[in-house]
Amino acid sequence: MRLALPDLTLDLRTDRGVFSPGRIDPGTKVLLLGAPPPPRRGHLLDLGCGYGPMALTLAARAPEATVWAVDVNERALELARQNARAAGFADVRVVRPEEVPEDVRFAAIWSNPPVRIGKRALHELLEHWLARLEPDGAAVLVVHKHLGSDSLHRWLAGRGWRVARLSSRLGYRLLEVRPGPPAEDGPGDGGERPAGAGEG
Ligand SMILES: C[S@@+](CC[C@H](N)C(=O)[O-])C[C@H]1O[C@@H](n2cnc3c(N)ncnc32)[C@H](O)[C@@H]1O
């Protein structure tokens, strides 16, 4: 399938048995269109990469960075590797989660996280990887409001992360998560923008 964004076009192979094989997931598209530009250097992570649309967009937008793409689905990893090679991003590191060296810290994490694994598993997964952000790093997560985005926002803020809602489009909340205590002068649970900001 073709991923067409204002700044790049990628042709990607998908297959049955991976997430959203028939089309670019609309939540993924919301993230790819709405996320701030990734840091130019350092380590960048696509958490739950599927066949790779986010990892390859990171690689295209930050050619000097080291992009990691992790998933637990072997077929997804295979496709992401093929897609990276075909797009000319041979350096994208497509690996199982445990293959990322312990000492790697991320300047940015992008994820359309696997909410269907259940709240507890999702929280554990996010805590594990968010703890590996650099102090000035940021994660961008996309989650649909019907799949718990607002309770995830509150939970992250309650765990001491600084969370901001960057936008809300088609029911998908785009959350930016940064290390550190919630801003003291921020509204509500962690600096969310006024209702309706970026609504579309
Ligand atoms: C919502 S899909 C997003 C896929 C891809 N990023 C996209 O946008 O099309 C979430 C992905 O997370 C993967 N996943 C599930 N559990 C995981 C885990 N523990 N660690 C890493 N990835 C996981 C799933 O296999 C799936 O590919």
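Residues numbered from 1 in each chain as written. Predicted model: local features only at pLDDT ≥ 70, side-chain atom pairs only at ≥ 80, totals over all residues.

1. Overview of the confidence of the model for the protein chain
Logical step 1: For the protein chain, the average pLDDT comes to 92, and 90% of its residues sit at 70 or higher.
Logical step 2: Counting contacts from residues 186–200, a segment whose pLDDT is below 50, to residues more than four positions away or on other chains yields 23 contacts. (pLDDT = per-residue confidence, 0-100. Contact = placed C-beta atoms within 7 Å.)

2. A word on helix 4 (residues 119–130)
Logical step 1: In this model, helix 4 (twelve residues) spans 16 Å end to end at C-alpha, consistent with the 16 Å of a helix rising 1.5 Å per residue.
Logical step 2: Listed in full, the buried residues belonging to helix 4 are Leu 126, Trp 129 and Leu 130. Projected onto a plane normal to the axis of helix 4, the buried residues spread over an arc of 95° and lie on a single side. Of the exposed residues in helix 4, those oriented more than 90 degrees away from the buried face are Arg 120, Ala 121, Glu 124, Glu 127 and His 128.
Logical step 3: Turning to helix 4, the residues buried within the fold contact strand 3 (43–47), strand 6 (106–111), strand 7 (133–144) and strand 9 (172–178). (Helix = DSSP H or I, 4+ residues; strand = E, 2+ residues; numbered from the N terminus. Expected span 1.5 Å × (residues − 1). Buried ≥ 20, exposed ≤ 12 C-beta atoms within 10 Å, placed from the backbone. Arc of directions from axis to C-beta.)

3. Section: the pairing of strand 8 (residues 162–169)
Logical step 1: As paired elements, strand 8 and strand 9 share seven bridges and run antiparallel to each other. When the sheet's bridge partners are listed, Val 163 is paired in strand 9 with Val 177.
Logical step 2: Between strand 8 and strand 9, which pair antiparallel one after the other, the connecting turn spans two residues, and Leu 170 there sits at a positive phi close to 55°. (Pairing = 2+ DSSP bridges.)

4. Considerations on unusual backbone geometry
Logical step 1: The backbone of Ser 20 sits at a positive phi, close to 45°, despite the residue not being glycine.
Logical step 2: One non-glycine residue, Leu 170, lies in positive phi territory at about 55°.
Logical step 3: Counting through the fold element by element, Leu 170 comes out in the loop between strand 8 and strand 9.
Logical step 4: C-beta crowding within 10 Å serves as the criterion here: with 11 such atoms nearby, Leu 170 is assigned to the exposed category.

5. Considerations on the sheet that holds strand 5 (residues 93–95)
Logical step 1: What the seven strands build is an open sheet, ordered 5-4-3-6-7-9-8; its pairing is mixed. Whereas interior strands pair on both sides, the edge strands pair on one side only; in this sheet they are strand 5 and strand 8. Within the sheet, the average angular offset between the axes of one strand and its neighbour, ignoring direction, is 15°.
Logical step 2: Sheet analysis places strand 4 (residues 66–70) next to strand 5, joined by three bridges and oriented parallel. Across the sheet, residue Trp 68 finds its bridge partner in strand 5, namely Arg 93. (Axes fitted to C-alpha atoms, helices over the stretch in contact; angles between N-to-C directions.)

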